[in-house]
Amino acid sequence: MELRWYQAEAKAAIYKHLETKPGSNPCAVLPTGAGKTPLLASICADIAGAWGGRVLVLAHVKELLEQAAAKLQAALPLNMVGIYSAGLKSRETDRPVIVAGIQSVYKRAGELGSFSAIIVDEAHLIPAHDGGMYRSLLDCAKVVNPNVRIIGLTATPYRMDTGYICDAENILNEICYEVGVKELIV
């Protein structure tokens, strides 16, 4: 899968962050329509395909799950991608890459097994403080694998109620890459 220049830059920035900042979780900010799904598919292909790890991709709506699963199934060998979503009537847990609806899995981290990375699409939905489905799942996933890395993708790195989503105290610690609409207009 060939990435656009800014997707490739975002991927490189995510990897640099993961490599140079142990225990810290990065977030990449790309505007709506910039192609976060191909970026996450490329990252999953590396982690699950080339490196032999496992990845959990989280989203909050059925349409994003379907979009991510389709891109991943096109980018990865057959039978590497599973879907765990009540809305899509699927509960696969044994694949190297699992695309999951947060509503379906937030109480089931133990059933899903250990992951090398968890990618959160629409990462601005992770609350800054305790509580919520995302924090519940991510906290439990860290019990299953204390070394799991969380990667956030979002178009909006700010929440009206708590401010910026990346902070030393939050699950996502730093924006490692950001590109705006103006830079993408050619």
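Please refer to the structure higher up on the page.
Residues numbered from 1 in each chain as written. Predicted model: local features only at pLDDT ≥ 70, side-chain atom pairs only at ≥ 80, totals over all residues. Heavy atoms only, no water.

Q: Which residues make up the packing of helix α2 (residues 36-50) against helix α3 (residues 62-75), and what values do they have?
A: With their axes 9 Å apart at the nearest point, α2 and α3 run at an angle of 45° to one another. The angle between α2 and α3 places the two elements in the oblique class. In the crossing of α2 with α3, the sense of the turn from one axis to the other is right-handed. Only Q67, A68, K71, L72 and A75 of α3 make contact with α2, whose side of the interface consists of T37, P38, L40, A41, C44 and A45. Residue composition of the contact of α2 with α3, by class: 8 nonpolar, 2 polar and 1 charged. (Axes fitted to C-alpha atoms, helices over the stretch in contact; angles between N-to-C directions. Helix = DSSP H or I, 4+ residues; strand = E, 2+ residues; numbered from the N terminus. Parallel < 35°, antiparallel > 145°, perpendicular 65-115°, else oblique. Left-handed = near helix turned anticlockwise from the far one by under 90°. Contact = heavy atoms within 4.5 Å. Nonpolar A, V, L, I, M, F, W, Y, C, P; charged D, E, K, R; others polar.)

Q: Pulling in residues and values, what's your account of the sheet that holds strand β6 (residues 117-121)?
A: The 8 strands are arranged β4-β3-β5-β2-β6-β7-β1-β10 in an open sheet whose pairing can be described as mixed. Each having just a single partner strand, β4 (90-91) and β10 (174-178) make up the two edges of the open sheet. Looking at chain direction, strand β1 (residues 26-29) and β10 are connected through 4 bridges and run parallel. Note that in β10 the partner of C27 across the bridge is I175. Sheet contacts for helix α6 (residues 133-144): β2 (55-59), β6 and β7 (149-154); angle to β2, the most-contacted strand, approximately 170°. (Pairing = 2+ DSSP bridges.)

Q: Lay out the state of the cysteines with the relevant residues and their values.
A: Covalent bonding between the sulfur atoms of two cysteines is what defines a disulfide. The final tally for this structure, using the stated rule, is 0 disulfides. Here C44 stays free of any disulfide, with the sulfur of C176 as its closest cysteine sulfur at 15 Å. Free of any disulfide, C176 has its nearest cysteine sulfur in C27, 7.3 Å distant. (Disulfide = S-S within 2.5 Å.)

Q: Report on a nonpolar patch on the surface, specifying residues and quantitative values.
A: Taken together, Y158, M160 and Y164 make up a surface patch of nonpolar side chains, about 430 Å² in accessible area. Assignment of secondary structure puts Y164 in strand β9 (residues 163-164). Taking relative accessible area as the criterion, Y164 reaches 55% and is therefore assigned exposed. (Patch = residues over 30% accessible without salt bridge, like charges linked within 9 Å, V, L, I, M, F, W, Y side chains within 5 Å. Areas by Shrake-Rupley, 256 points an atom, 1.4 Å probe, with all protein chains shown as cover. Salt bridge = Lys/Arg side-chain N within 4 Å of Asp/Glu carboxyl O. Buried < 20%, exposed > 50% of the residue type's maximum accessible area, 1.4 Å probe, protein only.)

Q: Tell me what's going on with unusual backbone geometry, and back it up with residues and numbers.
A: Of note in this structure, K89 is not a glycine but carries a positive phi near 55°. Take K89: its relative accessible area is 78%, and that puts it in the exposed class.

Q: Pulling in residues and values, what's your account of α2?
A: An ideal rise of 1.5 Å per residue puts 21 Å on 15 residues; α2 measures up with 20 Å between its terminal C-alpha atoms. The element α2 is largely enclosed, with a buried count of 12 among its 15 residues. If you check which residues of α2 are buried, you get K36, T37, P38, L39, L40, A41, S42, I43, C44, D46, I47 and A48. Where α2 ends, the next residue or the one after it, G52, has phi of about 75°, a positive value. (Expected span 1.5 Å × (residues − 1).)

Q: Describe the pairing of β6, naming the residues involved and giving the relevant values.
A: Burial analysis of β6 places 5 of its 5 residues in the buried class, the great majority of the element. Here β6 shows no split at all, with A117, I119 and D121 on one side and I118 and V120 on the other all buried. Alignment of β2 against β6, held across 4 bridges, turns out to be parallel. Paired with V57 across the bridge in β6 is I119.

Q: Describe in detail the nonpolar core, supporting the description with residues and values.
A: I14, L72 and V97 are the most contacted members of the largest nonpolar core, which totals 37 residues. It is α2 that provides the largest number of residues to this core, a total of 7 residues. When residues no more than four places from it in sequence are discounted, the contact partners of I14 are P26, A28, I43, I151, L153 and C176. Core analysis: the next-biggest nonpolar cluster, separate from the first, contains 25 residues, L56, V105, Y134 and C166 among them. (Core = buried A, V, L, I, M, F, W, Y, C linked by side-chain atoms within 4.5 Å.)

Q: Any details on the pattern of salt bridges? Residues and values, ideally.
A: By the definition in use, this model includes 6 salt bridges. Note that R159 is salt-bridged to D161, the shortest N-O span being 3.1 Å. Judged by its relative accessible area of 19%, R159 falls in the buried class. Because the salt bridges share partners, they merge into one network encompassing E92, D94 and R95.

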